[in-house]
Every structure is written in structure tokens, then in C-alpha cells.
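# Structural overview
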Amino acid sequence: MNIDLEKIEIFKSLLDQPKKVVILSHTNPDGDAIGSSLAMAKVLQAKGHSVSCILPNRFPYYLKWMPDTDNLIIHAQDKIGIAQSVIAAAEVVICADMSSLSRLEALSEVIAQNNHAKRILIDHHLSPSDEFDLVFSFPESSSTAYLVYEIIKAAYGTEVLDKDIATLLYVGMITDTGNFAFSTINPQLFRAAADLLETGIDVPTIYNNVYNSFTEGRARLFGYVINRKMKTLLKGTVAYLSLTEDEMRRFWFQQGDSEGFVNYPLSIKKVKMSAMFSEQQGSFIRVSLRSHGNVDVNTFARRYFNGGGHKNAAGGKSFMNMEDTIAHYIKAVEEYHAEGLV
Ligand code: 5GP
Ligand code: MN
């Protein structure tokens with residue numbers, strides 16, 4: 001993966017004097033969204049910029065330990081319009097880990113009202129939209145955090161990386177690659193990780209903070225969902241899980257508690273595709289999709305659930321009730337199967 005040096009020059013010239021910068025990432029932010037946004041923010045702050053990081057909604061509680069999360073502005077909880085005012089004043093808007101402004105949901109309208117700021121995209125999803133002035137789009141990159149690392153390195157050198165910035169980037173890299181295990185990893189990523197380790201980051205502690213910091217309720221909910229709610233289709237090769245709000249309440253659900261559940265059916269040798277349906281405060285059903293190898297859930301999410309993502313990890317939404325959503329999924333899986341796609 002090579003970053004166009006002309007684009008790095010444009011990036012630097014957009015930020016050649018202290019600017020008001022807003023960094024945004026996607027709804028239901030994950031380790032990569034938060035890590036890449038906050039790392040870029042810290043680098044730009046050290047260069048003298050005034051930087052605000054805004055997320056559309058809350059992030060999972062078990063990522064709260066990450067450096068600088070106290071500075072995140074959460075639009076859904078922002079009753080006094082801080083997000084609106086910093087976006088209105090922004091001279092540069094950087095969108096990280098999302099391919100179109102629509103992934104900001106209600107915030108996308110706020111961004112649309114600022115027509116003077118230069119918009120920069122840093123992302124690894126397919127099909128970036130044309131809403132940006134400067135685009136760093138690398139769908140082959142395993143995480144946005146890796147891209148942020150490459151951009152920082154090309155623009156300012158690895159000397160600007162400190163332990164906190166490296167920790168943020170490392171979290172993005174591990175959470176989007178299953179701790180360096182997915183097919184998207186490559187030697188450059190390991191070289192980048194080596195540079196992060198040079199800053200003295202504490203890898204075992206980061207691992208424990210990310211993967212072993214859940215509540216008891218989450219562990220019990222997980223057991224319940226796998227035991228009682230996992231169903232399979234097509235002779236056990238396709239699986240799905242579902243979670244209603246009532247079930248969440250029974251297990252003292254906290255935002256983020258069901259993250260990762262969708263991956264578990266893929267630990268069954270025969271399973272090639274997995275889905276998770278979770279009710280979202282009575283308004284819609286969140287759909288998460290994961291797959292192995294050639295089964296393309298990005299196409300599946302676009303076709304059947306008005307969503308998108310990556311080939312092996314995608315998501316979308318359903319505005320039907322749970323029963324109809326599952327019926328729609330079963331029909332979609334059969335159609336996909338008939339086309340030889342799963
Ligand atoms: P998750 O299942 O963890 O919510 O999302 C997996 C991947 O799919 C992420 O890369 C995420 O950005 C993408 N994704 C999730 N929901 C949506 C959606 O509603 N629309 C689009 N375009 N992508 C989504
Ligand atoms: Mn990502």
C-alpha cells in the first residue's frame with residue numbers, strides 16, 4: 001500500500017498553520033473508529049491545531065480506558081449543542097473509518113451546513129463517496145488506524161508518535177484484525193506495529209483492557225445467546241443470533257455488551273456466514289454480518305439490509321420487527337445460496 005505523496009503535501013498544506021479541526025467517526029464507534037480519531041487528534045494538537053473529536057453515539061464502556069476518551073464529544077448525549085458549534089466553526093473536517101457522511105446519521109446534516117470547511121477522508125471501507133476534498137481511501141488496509149499511522153509517518157515522521165498515540169493506533173489495529181489474525185494483515189502492518197512498540201506501549205495490558213474487561217452480565221448474556229438464540233441454516237453452514245431489548249434488560253445490558261457475539265458462530269468449522277440482529281431502543285434492528293473467505297457480506301448487507309462494510313465484516317439496519325427481519329434474512333440467505341454466493 002502506497003500513499004500518494006502529493007496527497008500528503010495537500011494534507012500538510014491544509015494544516016500548515018493552526019486551524020480549527022473536527023475529527024468524526026462512525027455510528028456505533030469501535031476500537032478503530034476511536035483509536036484512529038484520537039491518535040490523529042493528538043498529533044494535530046501537538047502541531048498547534050485546535051482539535052475536537054465527535055462521535056454520533058456512545059462508545060462501548062470497555063474502551064473508556066483508552067487515552068483521551070474523556071475529550072470525545074458524543075452527539076447523541078450533547079444537550080447543549082457543543083457538536084453543532086464546533087462543526088460550524090471548523091476549518092478542516094476529517095472523517096475517519098467511514099466511507100460516506102451518511103454513516104454519521106443525524107450528524108451528517110450538521111456537517112452539510114458547514115460549506116466552508118475542507119473535508120478529508122481517511123478510510124478503509126469500499127466505495128468512498130464524493131463528499132470529500134481530499135481522500136485517503138484504501139479498502140485493502142486492515143484498519144483505519146494503520147492508515148493514520150502511514151499518513152502521520154509520511155507527513156511528520158514517526159518521531160511524533162508517543163506512547164498514548166501508539167496505544168490508540170494499536171487498539172485500532174488489533175480490534176479490526178482480530179489481534180493480527182485476519183487475512184487482511186501483511187508485513188507492513190507488522191512493521192507499523194513494531195514502530196508502535198518502540199514507544200514503549202504495554203501490549204499485554206492493552207490486550208487485557210480490550211478483550212478481558214467485560215461485565216459479568218455480558219458473559220451470562222453471551223452464554224444465553226449462544227445456547228438459546230443461535231440458529232443455523234443450510235445444513236449448519238450459515239448461522240444467526242438475535243437479541244431483543246427485553247433479553248438485554250434481563251442481563252443488565254450496557255452499550256457494547258453484544259459486540260463480538262456475531263463472530264462466535266464462525267468458530268464452528270462448518271459455518272461460513274453469521275448474522276446478529278439486535279433491537280435498538282424500539283426504533284430499528286441493527287444487523288451485523290461476518291463471514292469467512294469468499295462469502296461476501298458487504299454485498300449481502302447492501303442488497304438486503306441497506307448497509308455495507310467490508311467483504312468479511314459488514315452491517316446494516318432493518319425497520320421490520322424481529323420476526324419479519326429473521327424471515328427476510330432466511331429468504332435472503334436462500335437467494336444468495338441459489339446464486340452460489342454462500
Ligand atoms: P458491525 O457489525 O461491527 O456493526 O459493523 C461491521 C462493519 O460494517 C464495520 O466496518 C461497519 O463500518 C460496517 N457497517 C455496520 N453497519 C453499517 C451500516 O448501517 N451501513 C454501512 N454502510 N456500513 C455498516
Ligand atoms: Mn475500521
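For the structure given in this document, a descriptive report is provided here. Given the structure is predicted, the values throughout are model-derived calculations rather than measurements.

## Things to note about the nonpolar core
Counting residues in hydrophobic clusters, the biggest one holds 56 residues, and the most contacted among them are Phe 11, Met 40, Ile 94 and Phe 136. Among the elements that make up this core, the one with the highest residue count is helix α5 (residues 144-156) (9 residues). Ignoring sequence-local partners within four residues, the contact set of Ile 94 consists of Phe 11, Val 21, Val 22, Ile 23, Leu 24, Met 40, Leu 44, Ile 120 and Ile 122. Val 297, Met 322, Tyr 329 and Tyr 336 belong to the second largest nonpolar core, which has 23 residues in total.

## Some details on the pattern of salt bridges
Taken as a whole and assessed by the stated rule, the structure comprises 7 salt bridges. Here Asp 70 ties to Lys 64 by a salt bridge, and the two come within 2.8 Å at their closest N and O atoms. A residue is classified by how much of its surface remains accessible, and Lys 64, at 43% relative accessible area, is partly exposed. Across the pair Arg 220 and Glu 216 runs a salt bridge whose closest N-O atoms are separated by 2.8 Å. Note that Arg 220 and Glu 216 are positioned in helix α9 (residues 216-229) at a spacing of 4 residues, about one turn of the helix.

## Section: the coordination of the manganese ion (ligand 2)
Distances from the manganese ion (ligand 2) to its protein donors, Asp 32 (OD), Asp 97 (OD), His 124 (NE2) and Asp 176 (OD), fall within 2.2 to 2.3 Å. Written as a sequence motif, the donor residues of the manganese ion (ligand 2) are D-x64-D-x26-H-x51-D. Here the residue Asp 32 occupies a position in helix α2 (residues 31-46), and Asp 97 occupies one in the loop between β4 (92-96) and α4 (107-113), the gap between them amounting to 65 residues. Under the relative-accessibility criterion, Asp 32 is labelled buried at 0%. Look at Asp 97 and you get buried, because its relative accessible area is 1%.

## What to know about the pairing of strand β12 (residues 313-318)
What you see with β12 is a clean split: Ala 314, Gly 316 and Ser 318 sit on the buried side and Ala 313, Gly 315 and Lys 317 on the side with no burial. Inspection of the sheet shows strand β10 (residues 284-291) paired to β12 by 6 bridges, in the antiparallel sense. Bridge pairing in β12 links Val 287 to Gly 316. With 2 bridges connecting them, strand β11 (residues 308-309) and β12 associate as antiparallel partners. Opposite Gly 308, over in β12, you have Gly 315 as the bridge partner. Hairpin connection, β11 to β12: the antiparallel pair is bridged by 3 residues.

Reading the values: the criteria
- Residues numbered from 1 in each chain as written.
- Chains lettered and ligands numbered in written order.
- Predicted model: local features only at pLDDT ≥ 70, side-chain atom pairs only at ≥ 80, totals over all residues.
- Heavy atoms only, no water.
- Core = buried A, V, L, I, M, F, W, Y, C linked by side-chain atoms within 4.5 Å.
- Buried < 20%, exposed > 50% of the residue type's maximum accessible area, 1.4 Å probe, protein only.
- Helix = DSSP H or I, 4+ residues; strand = E, 2+ residues; numbered from the N terminus.
- Contact = heavy atoms within 4.5 Å.
- Salt bridge = Lys/Arg side-chain N within 4 Å of Asp/Glu carboxyl O.
- Donors = N, O, S within 2.8 Å, 3.2 Å for Na, K, Ca; no water.
- Pairing = 2+ DSSP bridges.

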